[in-house]
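Each chain is listed here by its residues.
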Amino acid sequence: MAKDILITGGAGFLGSNLALEIQRREPGAEIVLVDDFRSGSFLNLAGFRGDLITVDVGRLDWHRLFGERSPEVVYHLASITDTTVTDTATQMRANVEGWRHLLFCLAGKSLRLVYASSAAVYGISSSGQNRVGDPERPANAYGFSKLQMEHLAKRFAGENPQISLAGLRYFNVYGPRETHKGSSASMIGQLARQMRAGKRPRLFLDGSQKRDFVYVADAIEATLAAGLVTKGEGVFNVGSGKARSFNEVVFCLNTVLGTQAEPEYFPCPYRFFQPHTEAALSATEAALGYRPRFSLEKGIEAYSASGWLGRELAQ
Ligand SMILES: NC(=O)c1ccc[n+]([C@@H]2O[C@H](COP(=O)([O-])OP(=O)(O)OC[C@H]3O[C@@H](n4cnc5c(N)ncnc54)[C@H](O)[C@@H]3O)[C@@H](O)[C@H]2O)c1
């Protein structure tokens, strides 16, 4: 495993899980986090021993902070992650221009670069598996910004063949350290919070819509595997490979929480709501050796065992 690592978005859900997992596996690794705390929380970083730089990625002064230093691996996870922010300029400035600035800082160096894209690039049209190479039809400004990030990465890779680049289209990740995301947290986290508070879990329409829910430990495994890729440029799905309905999620949560809550159904207010997502994983497995280990049932059990399921943010 690499010993000199930079993670942007390090106080967020995926970033903090990634940092803590690398620290656990490689206690001697030098891990620097960059985060401006626009959505992340210090509560996610309990036990983290590395450095943390509080700055907007789009304003990172690489030379002042790092001089000639070149990390072995950079994981770029910082982003606006609230998909309901509909102002295109806001999403684009933060996500695409932040990425462009980071690429500008890294141009000419030799390193491995992993960045977060999203299943949101697929949009709402598909009802089968989502495959890299399918036409992308992002239905909101967030998904559009992620697709622009992929295009930028491809161009950058052509100009910087010494940098390997892996973009990860995460599907619906859930697990410990997502509480700070509030209404942008996974539906599993949000529904568990409602149910633990004795409320009925609220679902859009009839709850039959399906999503590819992937447990964070699997998402981190894929992210670490992407950080080992030493050549070329590619985009990879990161999911569980299975589509499960919101009604099934409520059933699993009832089992784990020991509740008998009945869903309360209500009309969906979003035009860009995806009715079905499901990651095709054969290309991810071939390139990264990634195979998800957690079914929905096992993931929710592990989430519960972590003590984070349904937790309210104490801040
Ligand atoms: N969690 C998911 O299900 C999921 C799904 C698809 C894609 N993703 C992508 O994965 C990445 C991580 O998502 P997450 O769930 O951990 O979200 P998160 O909101 O918990 O983490 C994002 C972190 O980035 C920080 N940040 C945002 N903009 C920044 C900037 N300009 N400069 C510095 N820090 C900044 C935030 O403060 C936060 O700590 C994001 O790029 C997101 O788009 C996540």
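Predicted, not measured: the structure shown is a model, and the values here were computed from it. (Residues numbered from 1 in each chain as written. Predicted model: local features only at pLDDT ≥ 70, side-chain atom pairs only at ≥ 80, totals over all residues. Heavy atoms only, no water.)

A short note on the sheet that holds strand β2 (residues 30-34)
At step 1: Strand order in the open sheet made by the seven strands is β3-β2-β1-β4-β5-β6-β11, with parallel pairing throughout. Where the open sheet ends on each side, the last strands, each with one partner, are β3 (51-53) and β11 (233-238). On average, each strand axis in the sheet is inclined to that of its neighbour by 20°, with strand direction left out of account.
At step 2: Of the strands in this sheet, β4 (73-76), β5 (112-118), β6 (164-170) and β11 are in contact with helix α6 (residues 216-226), which crosses β6 at around 165°. (Pairing = 2+ DSSP bridges. Helix = DSSP H or I, 4+ residues; strand = E, 2+ residues; numbered from the N terminus. Axes fitted to C-alpha atoms, helices over the stretch in contact; angles between N-to-C directions. Contact = heavy atoms within 4.5 Å.)

Observations concerning the site of the ligand
At step 1: The ligand sits among 29 residues. The nearest are D35, T81, Y142, H180 and K181.
At step 2: Contact between the ligand and R38: a nitrogen atom at 3.0 Å from a side-chain N or O atom of the residue.
At step 3: A distance of 2.6 Å separates an oxygen atom of the ligand from a polar atom in the side chain of Y142.
At step 4: Its free accessible area being 820 Å², the ligand has 96% of it covered by the protein chains. (Near = heavy atom within 4 Å. Polar contact = N/O pair within 3.5 Å; in protein donor to acceptor, adjacent residues only side chain to side chain. Areas by Shrake-Rupley, 256 points an atom, 1.4 Å probe, with all protein chains shown as cover.)

Description of the domain arrangement of the protein
At step 1: Here the protein is partitioned into domain 1 (4-174 + 213-241 + 278-293) and domain 2 (182-210 + 243-276 + 302-306).
At step 2: Distance between the C-alpha centres of domain 1 and domain 2: 26 Å.
At step 3: Every contact between the two is made by 21 residues of domain 1 and, on the other side, 16 residues of domain 2.
At step 4: The largest contributions to the domain 1 side of the interface with domain 2 come from I124, Y174 and F213, which together make up 39% of the buried area.
At step 5: Counting every contact that joins domain 1 to domain 2 gives zero salt bridges.
At step 6: Contributing elements (two or more residues each) for the side of domain 1 that touches domain 2: β7 (172-174) and β10 (213-215). (Domains from an automatic or database assignment. Buried area = accessible area lost by both parts, 1.4 Å probe. Salt bridge = Lys/Arg side-chain N within 4 Å of Asp/Glu carboxyl O.)

Structural notes on the environment of P263
At step 1: Within the secondary structure, P263 sits in the loop between α7 (246-257) and β13 (264-266).
At step 2: Sequence-wise, P263 and F204 are 59 residues apart; in three dimensions their C-alpha atoms are separated by 9.7 Å.

Digging into the side chain of H76
At step 1: Examined against the element boundaries, H76 turns out to sit in strand β4.
At step 2: Taking the relative accessible area as the measure of exposure, H76 reaches 2% and is therefore buried.
At step 3: At 2.7 Å, the side chain of H76 forms a polar contact with the side chain of T8.
At step 4: Beyond its immediate chain neighbours, meaning those up to four positions away, H76 contacts T8, V57, W99, L102, V114, Y115, A116 and M149. (Buried < 20%, exposed > 50% of the residue type's maximum accessible area, 1.4 Å probe, protein only.)

Considerations on the pairing of β5
At step 1: Of all the seven residues making up β5, seven are buried; the element is thus mostly covered by neighbouring parts of the structure.
At step 2: The two faces of β5 match: R112, V114, A116 and S118 on one face and L113, Y115 and S117 on the other face are all buried.
At step 3: One ladder, built from four bridges, connects β4 with β5; its direction is parallel. Across the sheet, Y75 pairs through a bridge with V114, a residue of β5.
At step 4: Following the backbone out of β4, through helix α3 (residues 88-106) and into the adjacent parallel β5, one traces a crossover that is right-handed.
At step 5: Pairing of β5 with β6 involves seven bridges; the strand directions are parallel. (Right-handed = clockwise from strand over helix to strand, strands pointing away.)

A short note on the nonpolar core
At step 1: Of all hydrophobic cores here, the largest spans 65 residues; its most connected members are I7 and I188.
At step 2: Examining the composition of this core, we find that seven residues originate from one element, α6, more than from any other.
At step 3: Here this core gathers at least three residues from each of two domains, domain 1 (4-174 + 213-241 + 278-293) and domain 2 (182-210 + 243-276 + 302-306).
At step 4: Apart from the residues within four sequence positions on either side, I7 is in contact with G15, L18, A19, I22, I31, V32, L33, V34, Y75 and L77.
At step 5: Within the second largest apolar cluster, 29 residues are counted, among which are L6, W62, L113 and L165. (Core = buried A, V, L, I, M, F, W, Y, C linked by side-chain atoms within 4.5 Å.)

Some points on the packing of aromatic side chains
At step 1: Tallied over the full model, the rule gives nine aromatic pairs.
At step 2: Relative to F66, the ring of W62 lies with its centre 4.5 Å away and its plane at 50°, an arrangement referred to as tilted. Taken as a pair, W62 and F66 lie in helix α2 (residues 62-66) at a separation of four residues, close to a single helical turn.
At step 3: Consider the rings of Y122 and F171, whose centres lie 6.1 Å apart with planes at 40°: the pair is tilted. Taken together, the positions of Y122 in the loop between β5 and α4 (141-159) and F171 in the loop between β6 and β7 put the pair 49 residues apart, joining distant regions of the chain. Just as Y122 is buried, F171 falls in that class too.
At step 4: An aromatic cluster is present here, built from Y174, Y215, F294 and Y303 joined pairwise through their rings.
At step 5: A cation over an aromatic ring shows up here: R202 above the ring of F266, its NZ or CZ 3.9 Å from the ring centre. (Phe/Tyr/Trp six-rings, centres within 6.5 Å; stacked < 30°, edge-to-face > 60°. Lys NZ or Arg CZ within 6 Å of the ring centre and 35° of its normal.)

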